Amino acid sequence: MRIGLIDLDSKLPNLALMKLSTYHKQQGYEVALNDFTADKLYCSVVFTRSREKVEALKRQYPHMEIGGTGWDLSTKLPLEIHNCKPDYDLYTREFIYTRIKGGIGKKENKLKKAEVIANAGIGFTSRGCIRSCGFCVVPKAEGKFQQENEIRDIINPRSDALILLDNNLTADPHCLDKLREIKERGLVVDITQGIDVRLLTLEIAKALAEVKHLRSIHYAWDLMSFERPVLEGIKILSQHVKTWKHMCFMLVGFNTSFEEDMYRFRRIRELNVDPYVMIYNQKPDTKLRHFARWVNGRIYKVCRWEEYSPWAKEREQGQLFGV
Ligand code: SF4
């Protein structure tokens, strides 16, 4: 029997599919990624924006099993599959490249990055979060904070890169020990879910500075009420990690006004940190879409918001047509 594992929207190797792959190979089955001709299909969906696509697939392949945070927060892998090691042969450099090739940057650099990602060790050392932010799926999908693996359990021996999926590493009482182990093993880490900068101490900031990172250290300032702890946390981190290595995600379209979004953007820039706008549920708000492009494309470095022509043009047309 052939098993088709359908990765609809991940930019990183999908851990659930990698475990399903190991499990089915152990049963003697052949496994292929994104092969719809297989006898049995499993599909993993990360983003809710993929829902329509999945619903269309479901009509075409009614027996396909679907899971993931973009589809159903309650679906969990059976324990015997959850406990499997990920299959590091499932993803190739070429597959990951198709997922990261958009945007600016040379093809050869993106291929190199895709190779690092495809070979990296991946997993959770802890799951869940101590907080319950209303806009976040983690509390519903993962529940309360709990330990899962040791660092050594999620390393791919073929690589020194490590993709850490922990939902809130800085809330982990063992955070310092884990960072120390990453440093001592000479790993290069990607803390994909970012850090909770409000929980930062000088000790954690120093430990973060002592490990090698695959990309920027990112954190979020999502709501106005978080202003003080976020700005204090950024200042603490800046004592050990230069601000050009930071990135601050800003949630927009949840419960902040546009003026508050612009205020957060300016405060973050005053600290010399790169902001990155995330639109809540990809709400089709034209102004926010333009704002996200202006910020994330670093267009603000060459042009003021008021002068940003695609937005100015659209606003003008809106006024002309009375919308
Ligand atoms: S702190 Fe982060 S992971 Fe935790 S609930 Fe809030 S947004 Fe989600």
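Everything numeric here is computed off the predicted structure, so don't read it as measured data.

Report on helix α1 (residues 15-26), specifying residues and quantitative values.
Under the 1.5 Å per step criterion, the end-to-end length of α1 is 17 Å for 12 residues, consistent within 8% with the ideal 16 Å. Looking at α1, one finds that the buried residues are A16, L17, M18, K19, L20, S21, Y23 and H24. Packed against the buried residues of α1 are β1 (2-7), β2 (30-33), β3 (40-44), β4 (65-67) and α3 (79-82). Positive backbone phi, at 90 degrees, marks G28, one or two positions downstream of α1.

Outline the sheet that holds strand β5 (residues 121-123), listing residues and values.
If you walk across this open sheet you meet the 4 strands as β5-β8-β9-β10, and the pairing is parallel. On the outer flanks of this sheet lie β5 and β10 (212-213), each paired with one strand and no other. Pairing analysis gives 2 bridges linking strand β9 (residues 188-191) to β10, with the strands arranged parallel. Directly across from V189, in β10, lies its bridge partner H213.

Describe the site of the ligand, and please don't skip the residues or the numbers.
All residues adjacent to the ligand are C129, R131, S132, C133, C136, V138, P139, N167, N168 and D196. Partitioning the shell around the ligand into residue classes produces 5 nonpolar, 3 polar and 2 charged.

A description of the environment of L20 should follow, citing residues and the corresponding values.
Position of L20 relative to the elements: it lies in helix α1. C-alpha separation for the pair L20 and Y42, spaced 22 residues apart in sequence, amounts to 8.6 Å. Not counting the four nearest positions on each side in its chain, L20 is found in contact with L5, Y42 and I81.

Lay out the pairing of strand β11 (residues 217-220) in plain terms, naming residues and giving numbers.
Pairing between β11 and strand β12 (residues 246-252): 4 bridges, direction parallel. Of the residues in β12, the one forming a bridge with H218 is M247.

Thresholds, definitions, all that
- Residues numbered from 1 in each chain as written.
- Predicted model: local features only at pLDDT ≥ 70, side-chain atom pairs only at ≥ 80, totals over all residues.
- Helix = DSSP H or I, 4+ residues; strand = E, 2+ residues; numbered from the N terminus.
- Expected span 1.5 Å × (residues − 1).
- Buried ≥ 20, exposed ≤ 12 C-beta atoms within 10 Å, placed from the backbone.
- Contact = placed C-beta atoms within 7 Å.
- Pairing = 2+ DSSP bridges.
- Near = placed C-beta within 6 Å.
- Nonpolar A, V, L, I, M, F, W, Y, C, P; charged D, E, K, R; others polar.

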